[in-house]
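Report on the structure
Each chain, written out:
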Amino acid sequence: MSLREEWKWLLILVVVCFAVFANSLGGDFVYDDARQILRNPLIQDNALIWKALTSDVWAFKGDGTIVASNYWRPTFTAWHILNFRLFGFSPFGWHVLNVLQHTGVCLLIFGLLRRWQFEMRTAFVIALIFAVHPIHVESVAWISGSPDLLFALLFLGSIYFIDKYAAGGGRVFLAAAFAAYASALGAKEIGIFCLPIFYLILHGREDDKLNRTEKVVPLILIAMIAVGYFLMRWNILGAISRPPDDPVSFTEAIFSIPAIFAFYLRQIFFPYWMAANYPLDPVASPDFWNFFAPLFVSIAGLGALFFAARRTQRGMLAAAVFLIPLIPALNATAFVSDQMVHDRYLYLPILGVLIIVVGLASKYITEQTLLVAGVLIAAVLSIQTISYNRAWQNEFALWSWTRTVDDSAFTTIQLGTMLALNGRYSEAISSFDQSIAKKPLPRAYLGRGRAYALSGRFDKAERDLRFVVDLPAEEVEAYALYQAYESLGIALTGKNDLDKAERTFVKSRRRLPIYSAALTEKLAIVLYQKGDKARALAELESSREQAQRELLPESKNVFLRLGMLYSELGRRDEARIALREFLASTAKIGDANTLSNRQLAAQILGSLN
């Protein structure tokens with residue numbers, strides 16, 4: 001076929017990608033987006049770009065001095081920085097670029113398959129089914145799902161370039177492969193495990209054009225890139241890995257591997273149950289249904305795939321693309337016990353399965369029949385994808401949808417939080433009750449305490465929030481502890497127990513120095529309500545430098561309160577300075593509370609001018 005005919009298939013893929021994900025473009029910022037984008041000064045402030053690139057992706061939850069996650073992803077962070085410069089707080093542009101990335105991956109898949117001598121229609125069917133498969137919704141429709149898109153695009157790009165080099169394309173392609181691979185590592189850590197894929201490309205070609213040195217040296221250099229990334233990541237995070245809250249034990253993780261693998265096979269071949277979280281619990285006591293049946297399914301599925309792949313180099317390459325990126329996702333010790341599986345971990349692995357299955361089918365049916373069958377399968381999958389896109393339109397839709405699939409403690413906490421934010425406090429409390437009945441997690445008590453406080457039931461709020469703040473530090477994450485102290489102080493203020501509220505905030509500052517300014521602002525409010533304006537002013541003034549350093553939007557409220565207090569005391573010049581500093585320091589923060597406070601600051605500043 002001619003190049004013109006290839007472009008026809010590529011154009012169809014572009015149209016299909018945008019058609020299937022068109023209803024995701026109007027979605028809001030959801031789930032992690034609200035914090036990683038709307039409340040993240042590291043990606044918003046030009047002065048913090050270097051800090052953003054050399055910190056873990058959740059460093060903004062503190063003052064930038066603590067490691068808050070296991071993820072150092074400079075490529076992903078740089079992508080967020082770029083997107084924020086282009087689109088700011090408008091989610092539409094972010095969504096468009098996610099769909100563009102997914103489209104780019106599909107086009108690259110088609111190009112790679114053609115390089116590997118797949119017939120045109122076979123390559124198209126593989127890329128088409130990949131393009132519309134529902135497991136991609138989490139990565140494409142969710143803005144913060146972009147690490148999978150970035151990794152796939154860059155890693156497949158590195159494979160393309162190394163394949164060009166192996167075919168005699170020259171060192172320029174080798175250099176491009178190194179650059180793409182290094183960037184892929186910065187998008188997602190699983191690239192460290194993918195070295196065998198490069199080996200298969202360099203050593204498995206039938207038209208061998210490289211000598212031994214030309215094969216070995218690139219592998220050594222690629223390994224050095226991986227080791228270099230690993231060492232930098234270790235230095236920045238201070239550890240190879242940190243256990244999450246509510247982790248899965250090692251024994252449970254071993255027993256859970258068959259169930260996790262069987263789940264992923266089901267999602268590939270029968271993607272009917274789709275959600276942001278799934279009801280798969282760690283296996284503590286193996287029995288037929290939770291261990292032996294999944295083990296049989298896993299062995300049978302894995303055996304069938306490798307039996308189909310074993311005879312050709314491209315079949316073994318496809319098996320590697322399927323299994324190697326999936327291996328880290330089988331390690332349940334890295335995940336919270338309620339969140340052992342996610343669709344996004346299949347974004348690249350499903351390509352390997354499709355290459356094996358569609359490639360095998362092409363040997364037994366005509367190209368035309370394969371094309372018709374592929375289009376019909378893609379049409380059915382597209383219906384599910386378009387439907388599931390709607391779940392990611394907004395936060396409430398996401399967790400309402402997920403609750404129909406999963407009733408875990410984690411999901412009920414998320415739904416309860418959304419119900420509380422929508423003023424449905426009784427339903428929120430009921431959701432938190434269900435979560436606590438399943439698993440008494442600190443975040444469930446925090447959520448229920450905040451819902452009680454918002455509904456004016458301050459005694460019950462105090463009970464739940466004291467449960468959280470009295471926990472040992474190792475049992476509750478620092479930011480959750482900060483939220484608990486903040487809400488407890490508010491509940492005590494609501495009870496008009498200002499002395500207790502004052503003591504709570506003083507104690508919380510000693511325990512959480514990384515949030516000192518944010519907590520001082522709350523303390524100053526209590527002192528003001530007690531009539532001690534002088535001390536309130538002194539506390540705020542002493543926290544100015546810390547407020548500049550801290551990354552939480554709430555920390556910047558120190559300048560707002562200073563401006564308000566200076567204005568009340570008739571110190572107009574100082575009030576203007578403080579209010580302008582507040583407006584300048586929050587200019588690129590987009591959460592609802594900050595936007596409301598900015599309106600208040602602008603109003604006061606206008607009255608002073």
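Values in this document were obtained by computation on a predicted structure and should not be read as measured data. (Residues numbered from 1 in each chain as written. Predicted model: local features only at pLDDT ≥ 70, side-chain atom pairs only at ≥ 80, totals over all residues. Heavy atoms only, no water.)

The subject of this paragraph is helix H23 (residues 478-494). With 17 residues, H23 extends 24 Å between its outermost C-alpha atoms, agreeing within 8% with the 24 Å of an ideal straight helix rising 1.5 Å per residue. Across the 17 residues of H23, 13 count as buried, placing the element largely inside the fold. Taken from the residues just after H23, Asn496 is the one with a positive phi, measuring 65 degrees. (Helix = DSSP H or I, 4+ residues; strand = E, 2+ residues; numbered from the N terminus. Expected span 1.5 Å × (residues − 1). Buried < 20%, exposed > 50% of the residue type's maximum accessible area, 1.4 Å probe, protein only.)

On to the pattern of salt bridges. Two side chains that carry opposite charge are able to pair once their charged atoms sit near each other. Per the counting criterion, the structure on display carries 33 salt bridges. Between Asp459 and Lys495 there is a salt bridge, with its nearest N and O atoms 3.0 Å apart. Of the two residues, Asp459 is situated in helix H22 (residues 458-469) and Lys495 in the loop between H23 and helix H24 (498-511); the sequence distance between them amounts to 36 residues. Exposure remark for Lys495: the relative accessible area of 31% places this residue in the partly exposed category. Ionic pairing is found between Glu574 and Arg571, a salt bridge with its closest N-O pair at 2.7 Å. A relative accessible area of 32% places Glu574 in the partly exposed class. By relative accessible area, which is 31% here, Arg571 ends up partly exposed. Members of the salt-bridge network, linked through shared partners, are Asp433, Arg448, Arg463 and Asp464. (Salt bridge = Lys/Arg side-chain N within 4 Å of Asp/Glu carboxyl O.)

Before going further, it helps to examine the environment of Ala177. Examined against the element boundaries, Ala177 turns out to sit in helix H10 (residues 171-187). Leave out the neighbours within four places in its chain, and Ala177 touches Ser158, Phe161 and Ile162. (Contact = heavy atoms within 4.5 Å.)

Of all residues except glycine, most have a negative phi; of all peptide bonds, most are trans. Here the phi dihedral of Gln117 falls at roughly 70 degrees; this positive angle occurs in a residue that is not glycine. Of note, Gln117 is situated in the loop between helix H6 (91-115) and helix H7 (120-132). With relative accessibility at 63%, the residue Gln117 sits in the exposed group. Phi is positive for Asn496, close to 65 degrees, though the residue is something other than glycine. Position of Asn496 among the secondary structure elements: in the loop between H23 and H24.

We now examine helix H17 (residues 367-389). Structural remark: α-helix, 3.6 residues per turn; residues separated by three or four positions point the same way. Helix length check: H17, at 23 residues, gives a terminal C-alpha distance of 32 Å against a target of 33 Å (1.5 Å per residue), a fit within 8%. Those residues of H17 that fall on the buried side of the exposure criterion are Leu370, Leu371, Gly374, Ala378, Leu381, Ser382, Gln384, Thr385, Tyr388 and Asn389.

All right, on to the environment of Phe230 then. Checked against the element boundaries, Phe230 lands in helix H12 (residues 212-237). Apart from residues no more than four positions distant in its own chain, Phe230 is found in contact with Ile192 and Ile240.

Contact geometry for helix H11 (residues 195-203) and H12: axes closest at 10 Å, N-to-C directions at 165 degrees. Judged by the inter-axis angle, H11 sits roughly antiparallel to H12. Considering only the axes of H11 and H12, their crossing is right-handed. Listed contacts from H12 to Leu195, Phe198, Tyr199, Leu202 and His203 of H11 are Lys215, Pro218, Leu219, Ile222, Ala223 and Ala226. Broken down by class, the residue content of the contact of H11 with H12 amounts to nine nonpolar, one polar and one charged. (Axes fitted to C-alpha atoms, helices over the stretch in contact; angles between N-to-C directions. Parallel < 35°, antiparallel > 145°, perpendicular 65-115°, else oblique. Left-handed = near helix turned anticlockwise from the far one by under 90°. Nonpolar A, V, L, I, M, F, W, Y, C, P; charged D, E, K, R; others polar.)

What follows deals with the side chain of Asn597. The topology assignment puts Asn597 in helix H30 (residues 592-608). Once residues lying within four places of it in the same chain are set aside, the contact partners of Asn597 are Asn557, Leu560 and Phe582.

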